[in-house]
Amino acid sequence: MSWLQRMGTLVDTLGGPARMRRFRTGWPAHTSTEIRFFATDNVQYRYRERGEGQTIVFTADPPVTLELYDTLLEVFAAHYRVVIVELAGMGFSAPNTHFSFGWRETNDDLTQFLRSVAGEQAILAFSCVAGLAAVDIATRYPELVSRLVLMQTGDVEAFARWKAGRDPKGILAKPFLGQYLMKRMAPKRMPDWYRLSVGAAHAHDTFCHCTAESFTHGALWSLASAYQRYMDPNVVLGRPTQPVLALWGLADGSHPPENAQTPKRLAENVEYHAFATLGHFLELEDPEAAFAAIHAFTQQSPLSAS
C-alpha cells in the first residue's frame with residue numbers, strides 16, 4: 001500500500017478508539033434492545049440478534065444501517081436465530097486506525113466475528129460485494145458455513161463493471177481525494193443512491209429517512225476505501241462446496257443488466273431466483289418474498305440443493 005493510499009484510509013479510520021467509545025455509549029447503542037457490539041483487534045462490530053434455532057447471518061449493505069431491519073427480523077426470527085452485522089467502516093462498525101480495508105485483512109477479521117458470534121455451520125446471507133467475502137470465507141473456513149445465500153452478488157468481473165458504473169470519473173478510486181469527497185458528499189449522495197438502486201418505490205422515503213438520521217449520529221460509509229482497497233480486480237475466488245442460493249433484484253438500476261446472470265458462475269451448482277420488481281436491497285424491500293425463497297432453500301437436504 002502506497003503512502004497516499006494509507007493517507008486515504010486514515011480519513012476513514014483516524015480516531016477509531018474514540019469513535020468506538022461514542023458508538024458503544026451513544027445513540028447507536030440504544031436504538032434497539034437487540035443492539036450488541038463485538039470487538040476484534042481491528043474492528044468494533046455493531047450487530048443485532050433475535051430468535052433461536054439455525055443461525056442465519058445477514059450483512060447490512062451500506063449506507064443501510066441496522067435500524068432498517070425491524071420487519072426482516074420479525075419475519076425471519078420466527079424460524080431462525082438471526083444475526084445482522086454492519087461491515088467494517090460501515091454504519092456504526094468502527095475500525096481501528098491501523099485498519100486498511102484490504103481484501104484478506106477484511107475477510108479474516110469478519111471471520112473472527114462469525115466464529116465468536118455466529119458459531120459453526122451458520123447460513124451466510126450476504127449482499128452485494130460482501131457476498132464475495134461469504135464465498136471466500138466458505139472456501140477457506142468451511143466449518144463456519146453450512147449454506148450460502150448471495151443477494152445481488154455477481155462475480156469479480158461483474159463487480160468491476162458495477163464499480164466503473166458507479167464511479168465513471170474515477171473520483172472514488174483516487175486515494176485521499178476519494179475519501180475526503182465521500183465524507184463531504186455522503187448525505188447528499190445517499191438519496192440518489194437509493195433512487196437508483198431501490199426497486200420498491202414505496203420504500204425509498206423510509207430508506208432515506210432512516211439513513212439520514214444515522215448520518216446525523218456519525219454513521220460511516222467508507223465507500224472510497226472499499227473501492228480502492230477491498231474491491232481488488234485480481235482476487236481469485238475459490239469454489240464453495242456448500243449449497244448456494246443466489247437472489248437477484250432485477251429492478252436494481254445500479255447494476256448493468258448483464259450482471260444479473262453472473263451469480264451462477266460462483267459455484268458448480270447455484271440455485272437462482274430473480275425478482276422482477278425488487279432492487280438492490282431485496283431482503284428489505286420485501287422480507288416475506290426473501291424469506292419464502294431462503295426458507296425453501298434451507299429446508300432442502302444438502303444433496304438435493306442444486
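See the structure shown above.
Thresholds applied
Residues numbered from 1 in each chain as written. Predicted model: local features only at pLDDT ≥ 70, side-chain atom pairs only at ≥ 80, totals over all residues. Heavy atoms only, no water. Core = buried A, V, L, I, M, F, W, Y, C linked by side-chain atoms within 4.5 Å. Buried < 20%, exposed > 50% of the residue type's maximum accessible area, 1.4 Å probe, protein only. Helix = DSSP H or I, 4+ residues; strand = E, 2+ residues; numbered from the N terminus. Contact = heavy atoms within 4.5 Å. Expected span 1.5 Å × (residues − 1). 1 Å grid on protein atoms, 1.4 Å probe; cavity = no way out; pocket = protein on both sides within 12 Å on 5 of 7 lines; lining within 4 Å. Points joined across faces, edges and corners; volume = space filled by probe spheres on them. Nonpolar A, V, L, I, M, F, W, Y, C, P; charged D, E, K, R; others polar. Salt bridge = Lys/Arg side-chain N within 4 Å of Asp/Glu carboxyl O. Polar contact = N/O pair within 3.5 Å; in protein donor to acceptor, adjacent residues only side chain to side chain. Axes fitted to C-alpha atoms, helices over the stretch in contact; angles between N-to-C directions. Parallel < 35°, antiparallel > 145°, perpendicular 65-115°, else oblique. Left-handed = near helix turned anticlockwise from the far one by under 90°. Disulfide = S-S within 2.5 Å. Phe/Tyr/Trp six-rings, centres within 6.5 Å; stacked < 30°, edge-to-face > 60°. Lys NZ or Arg CZ within 6 Å of the ring centre and 35° of its normal.

Colleague: Mind laying out the nonpolar core, listing which residues take part and the relevant values?
Modeller: Counting residues in each nonpolar core, the largest one holds 104 residues, and the members touching the most others are F58, F76, V82 and L124. For this core, the element with the highest residue contribution is helix α5 (residues 130–140), accounting for seven residues. Excluding residues within four positions of it along the chain, F76 makes contact with I56, F58, V82, P287, A290, F291 and I294.

Colleague: For helix α4 (residues 103–118), give the residues involved together with the corresponding values.
Modeller: With 16 residues, α4 extends 21 Å from end C-alpha to end C-alpha; this agrees with the ideal 22 Å at 1.5 Å per step. Where α4 is concerned, the buried positions are W103, T106, N107, D109, L110, T111, F113, L114, V117 and A118. Note on α4: the residue one or two positions beyond its end, G119, has a positive phi of about 85°.

Colleague: Account for empty space enclosed by the protein, naming residues and giving values.
Modeller: Throughout the structure, instances matching the rule amount to one cavity of 30 Å³ or more. In this structure, the largest cavity encloses a volume near 350 Å³. L87, M90, V129, A226 and Y230 are, among the 25 residues lining the largest cavity, the residues nearest its centre. Those elements giving two or more residues to the lining of the largest cavity turn out to be α4, α5 and α9 (223–230). In terms of residue class, the lining of the largest cavity is built from 20 nonpolar, four polar and one charged.

Colleague: Give a description of the environment of E213 that names residues and reports values.
Modeller: Topologically, E213 is positioned in helix α8 (residues 204–216). Once the C-alpha coordinates of E213 and V64 are considered, the two residues, 149 residues apart in sequence, prove to be 11 Å apart.

Colleague: Break down the pattern of salt bridges for me, with residues and values.
Modeller: Counted by the stated rule, this structure contains 13 salt bridges. With a shortest N-O distance of 3.1 Å, E157 and R161 are connected by a salt bridge. Placement of both E157 and R161 in helix α6 (residues 156–166) is noted, with a separation of four residues, approximately one turn of the helix. By relative accessible area, R161 is classed as partly exposed at 25%. Beyond isolated ion pairs, a larger network of salt bridges with shared partners links E34, R48, R50 and D70.

Colleague: If you had to explain the side chain of S146 to someone new, which residues and values would you point to?
Modeller: Tracing the backbone through its elements, the reader meets S146 in strand β8 (residues 145–151). Given a relative accessible area of 18%, S146 falls into the buried group. A polar atom in the side chain of S146 sits 3.1 Å from the backbone oxygen of Q121. Setting aside residues no more than four positions away along its own chain, S146 makes contact with Q54, Q121, A122, I123, Q242 and P243.

Colleague: An account of the environment of R229 is requested, with residue identities and associated values reported.
Modeller: With respect to the secondary-structure elements, R229 resides in helix α9. Judged by relative accessible area, R229 falls into the partly exposed class, the value being 22%. Here the side chain of R229 touches S100 through a polar contact of 3.0 Å, landing on its backbone oxygen.

Colleague: Mind laying out the packing of helix α7 (residues 177–197) against α8, listing which residues take part and the relevant values?
Modeller: The N-to-C vectors of α7 and α8 enclose an angle of 160°; their axes lie 10 Å apart at closest approach. When the axes of α7 and α8 are compared, the pair comes out roughly antiparallel. The way α7 lies across α8 gives a crossing that is right-handed. Here A186, P187, M190, P191, Y194 and R195 of α7 come into contact with α8, specifically with H204, F207, C208, T211, A212 and F215. Looking at the contact of α7 with α8, its residues break down into nine nonpolar, two polar and one charged.

Colleague: Outline the state of the cysteines, listing residues and values.
Modeller: A complete count under the given rule lists zero disulfides for this structure. Sulfur of C210: no disulfide; nearest cysteine sulfur belongs to C208 and is 10 Å away.

Colleague: Go over the packing of aromatic side chains with me, naming the residues and quoting the values.
Modeller: Taken as a whole, this structure holds 19 aromatic pairs when the rule is applied. Seen from their ring centres, F159 and W162 are 5.8 Å apart, and the 80° between their planes marks the pair as edge-to-face. Remark: W162 and F159 occur in helix α6; sequence separation between them is three residues, near one turn of the helix. Judged by its relative accessible area of 5%, F159 is buried. A connected cluster of aromatic rings, assembled from ring pairs, spans F159, W162, W193, F215, W221 and Y227. Note that R147 overlies the ring of F297, its terminal NZ or CZ placed 5.1 Å from the centroid.

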